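Secondary and tertiary structure notes
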Amino acid sequence: MKVHFLGGSDEVGASSLFVEIANHRILVDCGIRMKDREGEILPKINIIDELGGVETVLLTHAHLDHSGGLPVIYQKYNVPLYLTAPTLAIISIMLLDALKVMEMEKTKEDEIPLYTLQEVEKVIAAARPIPFGVTTELFGGDVRFTFYSASHILGAAFIIIEGKDDGVLMISGDISYVDQVSIPGLVIPPKIKPDLVIIESTYGGRVHADRNEQIEKLVEQTGEVLKRSGSILFPSFAVGRAQEIILILSDAIEKKKIPLVPILVDGLVKNICQVYSSYPDLMTPWLKKRIRKYGNPFFYDDGPTIPIWEYKKREVYAKMRPSIIVSSSGMLSGGPSPLYAQELAGDKRNFIAITGYQDEESPGRKLQQLAQEGKGMLQLGEKSVSLECGVGTYSLSAHADTEQLGNIIQSFGAKRVALVHGDHGAREFLSFAMEEKGVKEVFQPVLGEELVFNKRGRKRTKSVLAETENTPKIKKHTDLNLVELAEELLYKDGVNRPYTIQEIMVAGGYSYEEITEQEIERIRKMFAINSYPFKQDKKKKFLYRIVPQFYGTKSSPEQVGVWEQNKLANRIQEIFPEKSGIYRHSFDSASKTMTLFFCFPKKAWEVYGEIIKAIEEESLWKIQISPTVHQESLIQEANKVIPESWQTEKKVSLYMQEEKVILSLSKNPFSLEEIQAEIAEFQNRTGFTLEVISKGNTMLAGQLLAAPVKQENAIQKEKKTEEKPIAQKPEPVKQPELLSFKAKQSKQMEINQAFFTIKKRFMYEPHQPLKTSLRNEGTPYIELIFVTNQLGERYQEAISGLEKETGWQLRIKKHCDQFRIKEIAKSLIPKDWELLKEPAVYLNDLNIVACVKNIIKPESLEELDRQLYDQTAFHLKIVTLQNPIMEIRIDSIKVPNYMKNYVFNEEKLEKLKQAYAKSAKSPSPIEVRRIGNDQYLLIDGLKRIIAAKSLGYTTISAQIVEKTLGDLLQ
Ligand SMILES: [Zn+2]
Ligand SMILES: [Zn+2]
């Protein structure tokens, strides 16, 4: 086993490892540097060619210091990329955004972007999501790897790679130890004994403060800032940290620990929150509950958060006091956070709260230093500002600290450790601490170094949970160890419930007399060291639960009913050999649907349809086959048909619609009969027909081999049967499943790819969907949520185009984000007009009415209305105290003669009536002019009056304006 450290070894940034194992070459991560090192942004990937090229890529997690360079790899290599599904969803967003930034810099600073959109698409297309805990075989079983949750951020994995007769390697990626608000803490599976552990050391040499205490302090500080009408900025990494902070503060507002003020969320954070909402099963129970309740627990109706989608509005919002701002980037080095910091820095009332790792050179680190020194000038982007505001640092790190890293290494029983992802000091300290803990060899590789490791002379681990002698036994003389004990309990109880130590003891074979206080205490102490697979309950410390990762991979009574996802994944792997052409699978846990990706889907249905149906019945999952043909494999198969000895150039053309492949040969005909068997094999393997053409002569393989052509016709009924003469009538193949499968699924994109396509389409539009999600009521469709559905309807054309492109039905959700509309309206109204109270939203009339002290520039009213309409499809009505809104009697309103002849569309009127009746909300105010004591002349709103009157209203709210008859006649 040989590891080349291409980047991210003595630094945080550009993480990349090139692993040679069991004679195969794997790249793990390919990140970028946020701060370039001698002008280099990428890791040393230029040496990959010399090393023989890469055969497959594994990705630990989505942070750009691990993933940002991937598109550059795919410029050259077209190899599978293994990652977890959430990581795929996040990098789709991150890479696109990074590209957008680079393109902006291109026009500004003449910098050439690292990659193009096509290369991002290649990365997405190469991606093969694998769930946690599922072992995947590569290269015919020579290498196996498994992702386990690294807790760090959503989807983050540490990877175990096992090479046949070449040892076991553990790569930590970025790893966190304790529970965060969103992601549960690390659970180390037992029985994995890596020969080498490559572990991050970001916080080597430091010990984190107690997380809960830090959260309390942070909430307290926020409260103080808000009390003095200041704003507090949390510059945060878009993935992970920002979500934590939003949840912490939303919760604090809910519990009334801090006053209700808007939490402005800006930068990439917004999009990532949507991804977090899509994976409830990977979240802490607390967040899972909130996802069930709100859908998106970060942005929900009447929630405190406001996403800033309109970049023009950033400046307006930055001036809003008091407020909370959560914005990327985390080190104030990019994204919108420096802009907010510029706005906040000069005022004593404000505060900037640092919550994560700060690079040596970053503005964030400078800010911390300045704050310690007292005062000074802070450079933010091109601006330099004097630092007056408060600054604080709160440790909410998603990286393990020295002690925790030590625990992790001990749990793996690692004797050899390589430290990466840390600066010199951190690694030096950690190295010392590791040696203290009995680690034999600690390496601190430098950039470009390679290390060779020989496998220890011992059997390689087979299954993660099969071997159990290392987990503690509860009783000296019983054979049961804890894993078996947990199995027993699960089997006996059928549910996963918490257990007291006494219960566990009874189950472990203790008689009641044997359960003494001393013995309980002994076991409690033992559990403090290693209680796996029992985990102490966080609140009720005397209770223990069986960890989900455990019962997730074992068959237990829990799984009677719908199968657990991992179980299904394992079963599929068992059943389908590599030659079946399966290359990937994905899950939609919401609809319990599994999608299998075969090189030749049609053929796969023919061969495996029955088996799939059987597994469907057993597992209670819906299993479908993606209809997309793996084109490269098709080309490969076609090339195999012509023997090398013919020495002819081959060109393969694919006709996907016709399910036909044409092979053009550069030389004159050879005898087709010679390759009849190969052609038959091709058609049999792929379900495609093959035509062989050579210069001056066309040979239709289909004519030689009638049967496959006939099959084709039997399936594609719309195709003409008499197109080609057929020698002999074969039995038509009955494939009802295939037919329905084709009808429903034809040309439908894989869902992540469809999301990506939608995102891409809206990338440069003025409005993006707030949320894009898969809905499974009836026929599955993709739902788009905009601030208002009326706004979404402006993109009808784009949406129809996307429907065609993705093969999915797209619907705009009937939805109106009142809170957001109000916030936008509030931000539009100039401060000196003095908004008097919360604007009122009139859903039925698509109006929003705001009352201000005085309208200082009446000529700008129209512009404000236009802006609101542009952003929300709602109209803005501004009223003042001078012409207030009053409830007046309908019979006191005089309708001018010229209005009496108005003809209204009956249908529309009826709709309006129904809307008022249903919503119990009154119509938006009509406009009237006072013409006498308790006498009014109607200016605008006849339809509203008619509707209100017919519903039995006697009064209606009206805005009383001072307009002369002359004005009105105009
Ligand atoms: Zn990370
Ligand atoms: Zn990292």
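Read on for an overview of the structure. (Residues numbered from 1 in each chain as written. Chains lettered and ligands numbered in written order. Predicted model: local features only at pLDDT ≥ 70, side-chain atom pairs only at ≥ 80, totals over all residues. Heavy atoms only, no water.)

**Let's talk about the overall build of the protein chain**
- Counting its secondary structure elements, the protein chain contains 32 helices and 43 strands.
- Looking at the 970 residues of the protein chain, the share that counts as buried comes to 54%.
- When the accessible area of the protein chain is evaluated, it comes to approximately 44600 Å², of which 50% is carbon and sulfur surface. (Helix = DSSP H or I, 4+ residues; strand = E, 2+ residues; numbered from the N terminus. Buried < 20%, exposed > 50% of the residue type's maximum accessible area, 1.4 Å probe, protein only. Areas by Shrake-Rupley, 256 points an atom, 1.4 Å probe, with all protein chains shown as cover.)

**Describing the coordination of the zinc ion (ligand 2)**
- The zinc ion (ligand 2) binds to the protein through D65 (OD), H66 (NE2), D174 (OD) and H421 (NE2); the donor distances cover 2.1 to 2.2 Å.
- Geometry at the zinc ion (ligand 2) is irregular, judged from its four donor atoms and the angles of 91 to 159 degrees they form at the metal.
- Read from N- to C-terminus, the donor residues coordinating the zinc ion (ligand 2) fall into the pattern D-H-x107-D-x246-H.
- Separating the zinc ion (ligand 2) and the zinc ion (ligand 1) is a distance of 3.4 Å, and D174 donates to both of them. A residue pair is termed long-range when its members are at least 10 positions apart, and H66 in helix α1 (residues 64-67) and H421 in the loop between β20 (416-420) and α13 (424-436) qualify at 355 residues. H421 shares its class with H66; the two are buried. (Donors = N, O, S within 2.8 Å, 3.2 Å for Na, K, Ca; no water. Tetrahedral: all angles 85-135°; square planar, octahedral: opposite > 155°, others 65-115°.)

**Let's talk about the nonpolar core**
- L81 and I324 are the most contacted members of the largest nonpolar core, which totals 108 residues.
- Residue contributions to this core peak at eleven residues, all from helix α3 (residues 85-109).
- The contact partners of I324, leaving out residues within four places of it in the chain, are T222, L226, I232, F234, L249, I258, V261, P262, I263 and L264.
- In this structure, A157, I582, A604 and W621 belong to the second largest nonpolar core, which totals 48 residues. (Core = buried A, V, L, I, M, F, W, Y, C linked by side-chain atoms within 4.5 Å. Contact = heavy atoms within 4.5 Å.)

**Notes on the coordination of the zinc ion (ligand 1)**
- Bound to the zinc ion (ligand 1) on the protein side are H61 (NE2), H63 (ND1), H152 (NE2) and D174 (OD), at distances that span 2.1 to 2.2 Å.
- For the zinc ion (ligand 1), the four donor atoms in the first shell make angles of 91 to 162 degrees at the metal, a pattern classed as irregular.
- Along the chain, the residues donating to the zinc ion (ligand 1) are arranged with the sequence spacing H-x1-H-x88-H-x21-D.
- Relative accessible area serves as the criterion here: at 12%, H63 is assigned to the buried category.

**With respect to the side chain of S236**
- Summarising the element assignment, S236 is placed in the loop between β12 (231-235) and α6 (241-254).
- Of the residues examined, S236 reaches a relative accessible area of 1% and is grouped as buried.

**Let's talk about the packing of aromatic side chains**
- Under the defined criterion, the tally for this structure stands at 13 aromatic pairs.
- Between the aromatic rings of Y148 and F158, the centroid separation amounts to 5.4 Å while the plane-to-plane angle is 25 degrees, which identifies the pairing as stacked. You can see Y148 sitting in strand β8 (residues 143-149) and its partner F158 sitting in strand β9 (residues 157-163), a full ten residues away along the chain. The burial state of Y148 is the same as that of F158; both residues are buried.
- For the ring pair F587 and W621, a centre distance of 5.4 Å and an interplane angle of 70 degrees mean the geometry is edge-to-face. (Phe/Tyr/Trp six-rings, centres within 6.5 Å; stacked < 30°, edge-to-face > 60°.)

**Observations regarding the packing of helix α12 (residues 402-411) against α13**
- Between α12 and α13, whose axes approach to 10 Å, the crossing angle comes to 45 degrees. Classified by the angle their axes make, α12 and α13 are oblique. Every pair of crossing elements has a handedness; the one defined by α12 and α13 is right-handed. When α12 is examined against α13, the residues T402, L405, G406 and I409 are found in contact with a partner set consisting of F429, L430, A433 and M434.
- The residue makeup of the contact of α12 with α13, split by class, is six nonpolar, two polar and no charged. (Axes fitted to C-alpha atoms, helices over the stretch in contact; angles between N-to-C directions. Parallel < 35°, antiparallel > 145°, perpendicular 65-115°, else oblique. Left-handed = near helix turned anticlockwise from the far one by under 90°. Nonpolar A, V, L, I, M, F, W, Y, C, P; charged D, E, K, R; others polar.)

**Things to note about the pattern of salt bridges**
- This model, assessed by the stated rule, comprises 31 salt bridges.
- Residues R211 and E244 are paired through a salt bridge, measuring 3.5 Å at the closest nitrogen-oxygen approach. Taken together, the residues R211 in helix α5 (residues 211-227) and E244 in helix α6 connect sequence positions 33 residues apart. You'll find R211 and E244 in the same group, each marked buried.
- Across the salt bridge formed by R349 and D347, the nearest N and O atoms sit 3.0 Å from each other.
- Of the residues examined, R349 reaches a relative accessible area of 33% and is grouped as partly exposed.
- Exposure remark for D347: the relative accessible area of 25% places this residue in the partly exposed category.
- Members of the salt-bridge network, linked through shared partners, are E137, R144 and E162. (Salt bridge = Lys/Arg side-chain N within 4 Å of Asp/Glu carboxyl O.)

**Examining the sheet that holds strand β25 (residues 543-546)**
- Overall, antiparallel pairing links the three strands, which are arranged β23-β25-β24 in an open sheet. Looking at strand neighbours, the two that pair on one side only are β23 (499-500) and β24 (534-536), the edges of this open sheet. (Pairing = 2+ DSSP bridges.)

**Digging into the pairing of strand β33 (residues 771-775)**
- As defined by bridge partners, β33 adjoins strand β34 (residues 781-785) across five bridges and the pair is classed as antiparallel. Within β34, the residue paired with S773 across the bridge is E783.
- Hairpin geometry of β33 and β34 is characterised by an intervening segment of five residues between the two adjacent antiparallel strands and by a positive phi of about 65 degrees at G778.

**Some details on α6**
- In this model α6 runs 20 Å from its N-terminal to its C-terminal C-alpha over 14 residues, within 8% of the 20 Å that 1.5 Å per residue would give.
- When you tally the buried positions in α6, you get 13 out of 14 residues, the bulk of the element.
- Where α6 ends, the next residue or the one after it, K256, has phi of about 60 degrees, a positive value. (Expected span 1.5 Å × (residues − 1).)

**A word on the environment of K640**
- With respect to the secondary-structure elements, K640 resides in helix α20 (residues 631-641).
- Here K640 falls in the exposed class, since its relative accessible area comes to 56%.
- Residues K640 and F682 lie 42 residues apart in sequence; the distance between their C-alpha atoms is 8.6 Å.

**Observations concerning the sheet that holds strand β16 (residues 351-354)**
- As summarised here, the arrangement of the six strands in space is β14-β13-β15-β12-β16-β19, forming an open sheet in which the pairing is parallel. Each edge of the open sheet carries a strand with a single partner, namely β14 (305-307) and β19 (390-393). In this sheet, adjacent strand axes meet at a mean angle of 20 degrees when their direction is disregarded.
- Of the strand pairs in this sheet, β16 and β19 are connected by four bridges, and their pairing is parallel. Paired with A353 across the bridge in β19 is G392.
- Taken strand by strand, α5 contacts β12, β15 (323-327), β16 and β19, and its axis lies near 145 degrees from that of β12.
- Sheet contacts for helix α10 (residues 337-345): β12, β13 (263-266), β15 and β16; angle to β12, the most-contacted strand, approximately 150 degrees.

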